[in-house]
Amino acid sequence: MYKNRLIQGMKMGKCLLVSVIVPVYNVKPYLNECIESIVKQSYRNLEIILIDDGSDDGSSEICDLWSLRDGRIRVIHQENRGLSGARNSGIDVSSGDYILFVDSDDLVGPDLVSHCIEIMGQTDSDVCVFRFNNVSENGKECTDSRYKELFPKEKTLSPRDAIKQILLMRLPNYAWSYMSRASLLKGKVYFPQGKVMEDLATTYLIWGGASRIAFLDEACYFYRVRSGSILASKNIKFIHDCKDNLEQLTRDLKQLYPELYPDAVNMFIQYLINFLFILYQNKKDSPDAVYRNETKNVKREIVHQINNIGLAGVSTLNVVKLIFIRLGLLRIMVSISNLRNKRV
């Protein structure tokens with residue numbers, strides 16, 4: 001049905017509109033390059049929505065200048081509401097058939113939108129997930145993400161099977177790592193305002209409403225690895241927000257896809273183990289009482305999640321990691337994890 005609508009629209013000389021939503025907050029050194037990569041898309045029927053989320057470094061003025069240069073660009077200025085609030089504002093004002101999120105310090109390849117449109121039409125899918133590469137802060141160095149080897153070889157998967165790949169950590173669930181039909185979001189799914197790692201609380205809901213999930217095995221998005229980014233700033237708030245989002249995810253999936261519940265809990269446990277790594281790394285910067293209390297809470301949550309599925313349901317990898325922690329080998333595990341995490 002979706003494929004037929006696409007073909008019919010093309011025959012009538014109409015191209016479906018794609019809303020590209022870009023949350024902007026104090027990214028002046030990278031913003032021009034980001035917007036230029038969007039403007040140069042080979043697919044021209046775009047609605048480019050720049051949400052200036054209270055920037056005070058000159059990013060606001062850059063957005064306004066771009067809106068004068070390209071009539072497809074619309075700028076929304078608002079008080080700071082965070083990344084989730086900016087994305088939600090973009091969803092509310094968007095009018096496209098599709099929605100694509102782009103972070104304002106990242107870059108997109110020139111054919112990202114056209115390739116997504118093409119493969120979604122060919123496969124009658126509502127979501128297209130694409131690979132991404134990492135680029136350095138200066139935008140020069142480029143490396144494959146760790147998901148390259150794990151990316152599905154299938155052209156499409158059912159929503160259930162695609163969500164399972166997220167739970168097994170074989171697929172990214174970043175809001176910018178896929179393009180989706182707008183009706184999967186508008187009035188249905190919004191990002192939790194004030195929380196980081198908001199993707200954990202939304203991607204499975206968006207994909208769950210799709211007919212099929214398509215996969216574009218090509219790096220069309222370029223994620224900029226920089227010290228000031230959210231993913232690089234992992235602290236206690238990061239831990240608390242992730243935990244809240246993971247609790248919501250496991251509750252929802254227990255209802256939506258009960259057979260995926262053990263996988264969801266195992267992903268939760270894996271995140272909790274990573275939280276112990278983060279706390280250990282930040283130990284010097286945290287008062288002893290805070291470090292001990294947060295570590296105790298995380299360990300208590302690990303026990304709770306194990307009880308939810310029973311020890312027999314815990315993955316072998318998680319069991320091995322927990323044994324290493326029990327043996328007091330956390331420092332060695334953190335060193336190994338740091339080496340692996342150089343690739344996002």
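The structure under discussion appears in the preceding block.
Presented here is a report on the structure given in the accompanying data block. (Residues numbered from 1 in each chain as written. Predicted model: local features only at pLDDT ≥ 70, side-chain atom pairs only at ≥ 80, totals over all residues. Heavy atoms only, no water.)

Details of the packing of helix H8 (residues 236–256) against helix H10 (residues 288–309)
When two helices pack together, their arrangement is captured by the angle between the axes and the distance separating the axes.
Point 1. The contact between H8 and H10 brings their axes to 12 Å, and the two run at 20°. Put simply, H8 runs roughly parallel to H10. Read as a crossing pair, H8 and H10 show a hand that is left-handed. Of H10, the residues touching H8 (which contributes Ile236, His240, Lys243 and Glu247) are Val290, Glu294 and Glu301. (Axes fitted to C-alpha atoms, helices over the stretch in contact; angles between N-to-C directions. Helix = DSSP H or I, 4+ residues; strand = E, 2+ residues; numbered from the N terminus. Parallel < 35°, antiparallel > 145°, perpendicular 65-115°, else oblique. Left-handed = near helix turned anticlockwise from the far one by under 90°. Contact = heavy atoms within 4.5 Å.)

Thoughts on the nonpolar core
Point 1. One finds Val129, Trp207 and Phe275 to be the most contacted residues of the largest nonpolar core, which totals 66 residues.
Point 2. Counting residues per element, this core draws most heavily on helix H9 (residues 261–281), which supplies 14 residues.
Point 3. If we ignore the near neighbours within four places in the chain, the residues touching Phe275 are Phe238, Ile239, Cys242, Lys243, Leu246 and Val298.
Point 4. Grouped together as the second largest cluster of nonpolar side chains are 43 residues, Cys63, Val75, Trp176 and Ala214 included. (Core = buried A, V, L, I, M, F, W, Y, C linked by side-chain atoms within 4.5 Å. Buried < 20%, exposed > 50% of the residue type's maximum accessible area, 1.4 Å probe, protein only.)

Points about the pattern of salt bridges
Point 1. This structure, assessed with the given rule, holds 16 salt bridges.
Point 2. Arg72 is paired through a salt bridge with Asp70; the nearest N and O atoms lie 2.9 Å apart. Residue Arg72 shares its accessibility class with Asp70, and that shared class is buried.
Point 3. Because the salt bridges share partners, they merge into one network encompassing Arg87, Asp103, Glu198 and Asp199. (Salt bridge = Lys/Arg side-chain N within 4 Å of Asp/Glu carboxyl O.)

Quick notes on a nonpolar patch on the surface
Point 1. The grouping of Val320, Ile323, Phe324 and Leu327 at the surface amounts to a nonpolar patch, some 360 Å² of accessible area in total.
Point 2. Relative to the helices and strands, Phe324 resides in helix H11 (residues 316–326). (Patch = residues over 30% accessible without salt bridge, like charges linked within 9 Å, V, L, I, M, F, W, Y side chains within 5 Å. Areas by Shrake-Rupley, 256 points an atom, 1.4 Å probe, with all protein chains shown as cover.)

A closer look at the pairing of strand E9 (residues 178–181)
Moving residue by residue along a regular strand, the side chains alternate between the two faces of the sheet.
Point 1. Sheet topology places strand E4 (residues 98–101) next to E9; three bridges connect them, and they run antiparallel. Pairing of Ile99 across the sheet is with Ser180, part of E9.
Point 2. With three bridges connecting them, strand E6 (residues 127–135) and E9 associate as antiparallel partners. Across the sheet, residue Val129 finds its bridge partner in E9, namely Tyr178. (Pairing = 2+ DSSP bridges.)

Considering the pairing of strand E2 (residues 46–53)
Point 1. For E2, a buried count of eight out of eight residues is recorded, marking the element as mostly surrounded by other parts of the structure.
Point 2. Going residue by residue along E2, you find Leu46, Ile48, Leu50 and Asp52 tucked away on one face and Glu47, Ile49, Ile51 and Asp53 tucked away on the opposite face as well.
Point 3. Bridging between strand E1 (residues 18–24) and E2 involves seven bridges; their strand directions are parallel. Bridging from a neighbouring strand, Val22 pairs with Leu50 of E2.
Point 4. Since E1 and E2 lie parallel, the crossover through helix H2 (residues 28–39) that links them has a hand, and here it is right-handed.
Point 5. Summarising the sheet, E2 and strand E3 (residues 73–78) pair through six bridges and their orientation is parallel. Its bridge partner lying in E3, Asp53 is registered against Gln78. (Right-handed = clockwise from strand over helix to strand, strands pointing away.)

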